[in-house]
Structures are given as structure tokens and as C-alpha cells.
Amino acid sequence: MLTRRKLIQAAGGATVAGALGGFDLTALAQEPLRIGFVYVSPVGEAGWTFQHDLGRKEMETTLGAKVQTKFIESVSEGADAERVFRELATSGNKLIFGTSFGYMNYMEKVARQFPNIIFEHATGYKTAKNLGVYNARFYEGRYMCGVIAGRMTKSNILGYVAAFPIPEVLQGINAFTRGARSVNPKAEVRVVWVNSWFDPGKEREAANTLMSQKADIVTHHTDSTAVVQAAEARGAYAFGYHSDMSRFGPKAHLSASTHVWGAYYTKTVNEVLAGTWKSSNVWGGVRDGFIRLAPINPVVPASVREEVAKVEAGLKAGTFHPFAGPVKSQDGKDTVPSGRNMSDDELGKMDYYVEGVASQLPKK
Amino acid sequence: MEQSLFTSIVMATILAGTPLVIAALGELVVERSGVLNLGTEGIMSVGAIAAFAVALHSGSAWTGVLAGMAAGIAMAMIFGILTLTLLANQVASGLALTIFGMGLSAFIGKPYESRTLPEIPSLQIPGLSDLPFFGPVLFGQKSLVYLSWLLLAAVVWFLYRSRPGLVLRAVGESPTSAHSTGYHVIRIRYLATLFGGAMAGVGGAFLSVFYTPLWVEGMVAGRGWIALALVVFATWRPLRVLAGAYLFGGVMIMQLFLQGSGAQIDIPSQFLSSLPYWATIIVLVLISRNAAKIRLHSPASLGQPYRPDA
């Protein structure tokens with residue numbers, strides 16, 4: 001039973017703790033940090049959101065009782081997102097991750113209204129005192145896949161099914177092309193834009209289209225596994241994206257550029273727990289453990305694996321950059337002179353194809 | 001056998017057009033009876049997930065298609081009760097059915113998200129499928145494609161050559177006269193609506209079981225709406241539905257092929273992607289210019305509730 005005496009004691013304790021540093025430290029140690037995740041699509045079994053959820057689970061396993069996580073999936077990038085973020089903020093979550101670009105303005109708005117809650121936004125660029133952003137150098141994985149593709153293709157035509165011509169997608173196409181041509185200067189990449197992140201029927205048709213026009217390896221920057229399946233059905237090769245998609249095409253799947261968020265989530269939560277978190281803009285690659293190549297298909301010869309391992313080692317050591325100069329654009333212009341690497345700023349503004357892409361870029 | 005480029009384009013076109021043919025033929029029959037069901041997109045979504053789930057568990061694609069059909073009938077039944085028995089507004093109910101169907105399919109589909117089914121090989125008709133060009137196009141398709149052609153023949157025969165078809169058209173033109181001649185307007189409209197639901201369900205099943213074959217939320221991706229537009233595009237005539245669906249599929253496939261060819265063309269891909277919709281709009285405008293034609297072909301009582309005792 002709660003007696004008056006205990007109540008007074010409790011109140012006294014709280015006052016002391018409050019005087020110490022504004023936080024009730026004992027309560028903080030006992031009560032788990034509540035963390036909310038907002039996903040743009042269902043978790044499913046592969047893909048963008050699936051990888052984020054793997055990261056969430058890894059963080060939860062590592063930190064155990066110190067955290068209590070919750071996720072809300074299929075939150076569309078609109079006014080709905082703002083409602084969801086506000087709801088998470090008012091229901092006791094102290095740290096909220098949003099994992100889609102289109103949440104940016106809503107997260108910024110809600111972050112302003114809840115200055116005591118920490119927000120972390122994947123792939124955005126707007127930051128605030130309590131809003132940090134993080135992203136991965138997806139193009140590094142693409143370059144490694146490109147090296148494998150350049151060695152494995154017989155027709156020298158590589159197919160790429162892409163969603164929208166934004167810098168992130170162009171970085172992937174260009175890195176893949178440069179990777180392929182670093183080992184096979186005859187290789188060319190053909191791109192088909194489906195103008196949708198999510199239309200498996202069209203993604204599959206696009207892949208079939210490329211394969212019937214002699215592409216013997218296809219990859220995609222869209223959200224489903226349709227392209228890998230299409231390659232499996234036709235006996236061609238494919239690369240997965242976001243996740244290891246080998247289950248969807250065991251024979252076709254050469255490898256995949258996968259995203260790994262677990263270490264970052266664990267680190268961020270630890271910082272929040274320790275009170276050392278500061279808003280920052282993180283763009284991590286192979287070096288930081290954000291990007292990893294999925295297991296390489298046994299059909300890929302050992303010599304090619306060694307080449308890929310060399311690239312990977314260079315990325316890890318920071319001695320190699322997929323866009324190390326000279327970088328030539330499709331029309332022969334030097335966009336980066338030899339002797340320096342493309343800067344992050346230049347990467348973020350990429351709006352052209354590099355030499356080796358055979359298709360025409362959609363005009364703005 | 002290595003197919004020529006042209007053959008692959010035609011094959012892909014037919015494949016892309018098939019779910020549209022099936023769903024649009026269903027909707028055509030519904031609209032010919034005077035009912036406007038805008039819920040096709042929702043029904044297709046529910047049909048797709050029902051078919052996928054059942055096909056995955058039973059291991060049989062055809063059981064899956066039957067499940068998609070049953071789910072489509074169930075969805076159409078909801079629409080029928082709302083609009084035919086309770087006389088709710090058809091446009092509003094149809095839109096609500098679409099929103100409901102998309103939500104419901106996402107809900108049922110949660111455990112199946114991004115799972116896949118084994119590929120279903122094309123049904124080669126022995127002897128004939130080896131003919132050049134016509135072989136693969138006419139005799140080397142997925143089994144559901146043949147079914148869509150049979151369905152077309154059945155709908156044409158039913159509407160123009162059978163007595164029940166005549167009655168159905170009469171109900172769509174003038175429910176009052178049909179009623180006074182002794183036909184049960186509401187019952188006929190129910191049957192038409194359920195048939196439309198069944199076909200939209202099969203259209204969805206084709207997408208998730210034969211075409212992709214996988215389930216992801218939102219995979220119908222607007223094909224239900226295109227099917228609805230096709231019915232108007234075809235001025236409520238079945239053969240034109242087939243032509244329209246293939247035209248639509250063809251434009252989509254052609255633009256993918258153009259992009260994939262690596263040819264230097266100065267057309268934005270966004271424009272190419274929107275070409276099928278442009279084609280639909282242009283044809284609609286051309287048809288609508290002729291008011292008499294529209295009046296002649298559209299079912300006169302389309303979208304109007306019928307109260308037998310009034």
C-alpha cells in the first residue's frame with residue numbers, strides 16, 4: 001500500500017535527482033528508452049523497409065531491456081506521415097526514426113513542435129537541433145556488382161530497370177557502369193525507366209524487354225523482386241538490391257548490394273542513452289558497415305571474386321572511390337578531372353549518365 | 001527457341017493486356033445491365049491476394065484463380081447489396097469499394113508480403129506453337145490468355161446471340177420496360193454485377209499468380225481504373241475492349257522496348273510512360289465528339305438506381 005510517508009520519500013528523491021541535472025537518472029536506468037520507427041512500405045521479406053527492420057531488430061537484440069521499440073509500416077509520404085510522427089511523439093517515444101525521403105518536411109515540422117524528442121531521418125537533408133539525418137553510399141555496392149557484371153556478361157549488354165532519374169538512382173547506374181567498364185571496356189549499360197517505385201508487372205516487363213534485346217545481366221532500382229524473378233525465368237543473371245534476393249532467383253542471383261542499418265541504429269541509441277547524441281549528417285559506406293555485398297553466386301570464378309575483394313578492401317581503407325577522376329559523362333565531357341575524387345556535393349547533384357551508358361537520359 | 005524481337009513485343013503486349021481484357025469484359029457486362037461499378041481496382045486487389053494466398057497454400061494455380069473469382073464475387077455482392085437492394089449511390093459505393101478493397105487486400109496480404117510463387121510455364125499447343133510468329137503468339141501463351149479469348153467469344157455470343165443477353169441489354173436500356181414485360185430487373189442486375197466481380201477477381205489473380213508471380217501491396221497499380229476507362233473507350237462493345245486492351249498494353253511495352261534498345265531518342269521517358277493514358281484520352285475525346293454515337297452505345301440507364309415498386 002502506498003503510505004503518505006513513502007510518497008514524501010519518493011517526492012524527495014525526485015527533487016534531488018531533478019536538482020542534479022534535470023533528469024531522474026534512476027528512472028532512466030530502469031525504464032527502457034522508447035523508440036519509434038516509421039516505414040513507408042510493409043516490412044515484407046526483402047527490400048528497403050525490410051533492411052531497416054532488420055536493423056531495428058539487431059539494435060533491439062544488442063541493447064535488450066534498455067530499449068523498447070515499435071514500428072508503424074505503410075505510412076505514405078503525405079499528411080498521414082505528420083499525424084503518425086506526432087502520435088509517436090505524444091505517446092512516450094523519445095527517439096523516432098523515419099525511413100523515407102518524403103517524410104522530410106513533416107519530420108522537420110513535428111521535430112520543431114517536440115524539442116525534447118530526438119528525430120532521425122534516413123535519406124533526407126534537412127537537419128535541426130533535434131533532427132539528424134543518415135544515409136548510405138549505395139553506389140559503392142553498385143560498383144562492386146558492376147565489376148562482377150563486367151566479367152560475367154557474354155553479350156556485353158547490361159540491363160538496368162530504374163524508377164526515377166534522381167541523383168541517388170543515377171549514382172547507382174553510373175557506379176554500376178564504371179564498375180563494369182573497369183574490367184570490361186566493351187560493356188554497355190541500358191536503362192529502362194518505369195517511372196514507378198512499385199509496379200511489379202511493369203518492372204518485370206521492363207526486365208524482359210531488356211533481356212529480349214540481348215542484355216544477359218539485369219539489375220534494378222525499384223522496390224520489388226520482380227526483376228530477379230524475371231531473370232531466373234529466362235535463365236539470365238541478375239543482381240538484387242536492398243536485400244539479398246537469392247531466394248527469389250537462386251540461379252540468376254549473382255550477388256546484391258545490401259543495406260545494413262543495425263550498427264548505426266545501435267550506435268545512435270547508445271548515444272541517446274548516454275546523453276551524448278548530437279544532430280549530425282551521416283553518409284556511411286562500406287567503410288562504416290552501411291553497405292555490404294550479399295554472398296556471391298558460386299558460378300562467379302575465383303579470379304573475379306578476388307577483383308571484387310580488392311575493390312572492397314579499397315573502399316574499406318578509403319583509398320578507392322568509385323568516382324575517382326577522370327569521370328567522363330556520356331557526351332564526353334570531363335565532370336571530374338583526374339587526380340581527385342568526386343565530392344559529396346557533386347554526387348548529390350548528379351544529373352547525367354557517365355560514359356558507357358547507352359541509353360538517353362530523360363530530359364527534365 | 002530464340003524468338004524474334006517483334007514476336008517478343010507482341011507476346012509481351014498480349015500478356016500485359018490480358019488482365020485488362022478480363023476485368024474490362026466483366027465490367028462491360030455490368031455496365032450493359034445499367035450498373036456502374038467503379039470498384040474494379042479494389043476487387044482486383046482482393047482477387048489478387050485471395051488467389052495468391054490460396055495458390056501458395058494449395059500449390060495449385062487454378063485453385064488460386066478460383067479463389068480469386070470467389071473473392072471477386074464476394075466483393076461484388078457487397079456492392080450489389082449496397083446499390084441494388086439498399087439503392088445507395090453507385091458512384092460513391094464503387095469508390096468506397098475500391099478504397100475498402102485496397103485496404104482489405106493489404107490487411108489480408110500482410111503475411112504474404114513480397115513472397116513469390118513458382119513460375120507457370122506457357123501452355124504450348126503441340127505442333128502449332130512452333131510455327132513462325134503465329135505459333136508463339138497464338139499457341140504459346142499462358143493458359144489464362146486463352147481463357148481471356150474464350151471469355152471474349154462467350155461475352156460476344158451472350159450479348160448479341162442469346163436471349164438472356166438481349167434481356168440484359170434491355171434492362172440496361174430501360175429497366176422500367178423490362179420490368180413491365182415481366183423481367184426481374186434487380187435479379188438480372190445482381191447476376192451481372194456478380195459476373196463482373198468474378199472477372200475482376202480473375203484479372204487480379206492473373207496478375208499475382210501468372211504475370212509477376214508475387215504479392216506486394218498495391219500491385220494492381222491502377223489497372224482496375226484502366227479497365228474501367230477501356231469500357232468507355234470501347235463504347236461498350238466487347239471486341240473493341242480487346243483491341244483497346246492490347247493497344248494499351250502495346251503502347252506500354254513499346255516504350256519499354258524503345259528505352260531498352262539503347263537507341264538515342266530524344267523523348268522523355270516520363271512522356272513515354274504516360275503514352276497509354278494519352279491514347280485513352282484522345283480516343284475518348286474523338287468518340288465523345290459524336291454525341292449521337294455516345295447516346296446510341298452507352299446503356300441508357302447507366303448508374304441510375306432502379307426501384308421496382310416506384
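Criteria and thresholds
Residues numbered from 1 in each chain as written. Chains lettered and ligands numbered in written order. Predicted model: local features only at pLDDT ≥ 70, side-chain atom pairs only at ≥ 80, totals over all residues. Helix = DSSP H or I, 4+ residues; strand = E, 2+ residues; numbered from the N terminus. Rg over C-alpha atoms; globule rule 2.2 N^0.38 Å. Contact = placed C-beta atoms within 7 Å. Buried ≥ 20, exposed ≤ 12 C-beta atoms within 10 Å, placed from the backbone. Nonpolar A, V, L, I, M, F, W, Y, C, P; charged D, E, K, R; others polar. Core = buried A, V, L, I, M, F, W, Y, C linked by C-beta atoms within 7 Å. Pairing = 2+ DSSP bridges. Domains from an automatic or database assignment. Axes fitted to C-alpha atoms, helices over the stretch in contact; angles between N-to-C directions. pLDDT = per-residue confidence, 0-100. Right-handed = clockwise from strand over helix to strand, strands pointing away.

A. View of the overall build of chain B. When helices and strands are counted, chain B shows 13 helices and two strands. For chain B, whose C-alpha radius of gyration is 20 Å, the value lies close to the compact-globule estimate of 19 Å for 310 residues. Put simply, 78% of the contacts in chain B that link residues at least 6 apart link residues at least 24 apart.

B. View of the overall build of chain A. When helices and strands are tallied, chain A shows twelve helices and 14 strands. Each principal axis of the C-alpha atoms in chain A carries an extent, and together these give about 85 × 45 × 40 Å. Expressed as a percentage of the 364 residues in chain A, the buried residues total 49%. Considering only residue pairs separated by 6 or more positions, chain A has 63% of its internal contacts joining residues 24 or more positions apart.

C. Expanded view of the interface of chain B and chain A. Listed per partner, the contact involves 34 residues of chain B and 37 residues of chain A. Among the secondary structure elements, those contributing two or more residues to the side of chain B that touches chain A are α1 (5-32), β1 (115-116), α9 (185-211), α11 (238-260) and α12 (269-289) of chain B. For the side of chain B that touches chain A, the leading source of residues is α11(B), giving five residues. Grouping the constituent residues of the side of chain B that touches chain A by class yields 15 nonpolar, 13 polar and six charged.

D. Structural view of the nonpolar core. Membership of the largest hydrophobic core comes to 183 residues, with the highest contact counts inside it found for A:V218, A:A238, B:A24 and B:L230. Element by element, the count of residues in this core is highest for α9(B), at 15 residues. Apart from the residues within four sequence positions on either side, A:V218 is in contact with A:G159, A:V161, A:A207, A:L210, A:M211, A:V227, A:A231, A:A236 and A:A238.

E. Structural context of the pairing of strand β4 (residues 118-122) of chain A. All names here are of chain A. The element β4 is largely enclosed, with a buried count of five among its five residues. In β4, alternate side chains face the same way, and those of I118, E120 and A122 on one face and F119 and H121 on the other are all buried. Both strand β3 (residues 95-98) and β4 contribute to a ladder of four bridges, which runs parallel. What sits directly across from L95, in β4, is I118.

F. Molecular detail of the domain arrangement of chain A. Residues and elements named next belong to chain A. Segmentation of chain A into domains returns domain 1 (4-137 + 261-284) and domain 2 (138-258 + 292-348). Between the C-alpha centres of domain 1 and domain 2 there is a distance of 33 Å. Tallying the contact residues gives nine residues for domain 1 and ten residues for domain 2. By residue number, the principal contributor to the side of domain 1 that touches domain 2 is helix α3 (residues 48-63), which donates three residues. When grouped by side-chain class, the residues that make up the side of domain 1 that touches domain 2 number five nonpolar, three polar and one charged.

G. Region of interest: the sheet that holds strand β10 (residues 253-259) of chain A. All names here are of chain A. Spatially, the six strands line up as an open sheet ordered β7-β6-β8-β9-β10-β12, and their pairing is mixed. Every other strand in the sheet has two partners, leaving β7 (188-193) and β12 (291-293) as the edge strands with one partner each. When strand polarity is set aside, the average angle formed by the axes of neighbouring strands in this sheet is 20°. Pairing of β10 with β12 involves three bridges; the strand directions are antiparallel. From the neighbouring strand, H259 faces β12, where its bridge partner is I291.

H. Focus on the confidence of the model for chain A. All names here are of chain A. Of all residues in chain A, 91% attain a pLDDT of 70 or more, and the chain-wide mean is 90. Predicted confidence in chain A is weakest over helix α1 (residues 4-21), with a mean pLDDT of 44, and strongest over helix α6 (residues 138-152), with 97. Counted against residues more than four places away or in other chains, residues 1-27, with its pLDDT under 50, gives seven contacts.

I. Structural detail: the sheet that holds strand β1 (residues 33-38) of chain A. Residues and elements named next belong to chain A. Taken together, the six strands give an open sheet; going across it, the order is β2-β1-β3-β4-β5-β11, and neighbouring strands pair in parallel fashion. With partners counted over all chains shown, the strands left at the sheet margins are β2 (67-72) and β11 (281-284), one partner each. Between one strand and the next, the sheet's axes are offset by a mean angle of 20°, whatever the strand orientation.

J. Quick look at the confidence of the model for chain B. Confidence in the prediction for chain B averages 88 pLDDT; 96% of positions are at 70 or higher. The ipTM value of the predicted complex is 0.77, and its pTM value is 0.82.

K. Spatial organisation of the pairing of β1(A). All names here are of chain A. Here β1 pairs with β2 via six bridges, running parallel. Within β2, the position partnered with R34 by the bridge is Q68. With respect to chirality, the unit in which β1 leads through α3 into the neighbouring parallel β2 is right-handed. Where β1 meets β3, four bridges bridge the pair, whose relative direction is parallel.

L. Layout of unusual backbone geometry. Residues and elements named next belong to chain A. G325 connects to P326 through a cis peptide bond whose omega is 0°. Tracing the backbone through its elements, the reader meets P326 in the loop between α11 (302-317) and β13 (327-328). In this model, T123 sits at a positive phi of 75°, which is unusual for a non-glycine residue. Along the chain, T123 falls in the loop between β4 and β5 (131-136). Exposure remark for T123: the 19 C-beta atoms within 10 Å place this residue in the partly exposed category. The phi dihedral of K214 falls on the positive side, at around 80°, and the residue is not glycine. Checked against the element boundaries, K214 lands in the loop between α8 (200-212) and β8 (217-221). Accessibility expressed as a C-beta count within 10 Å gives 17 for K214, which makes it partly exposed.

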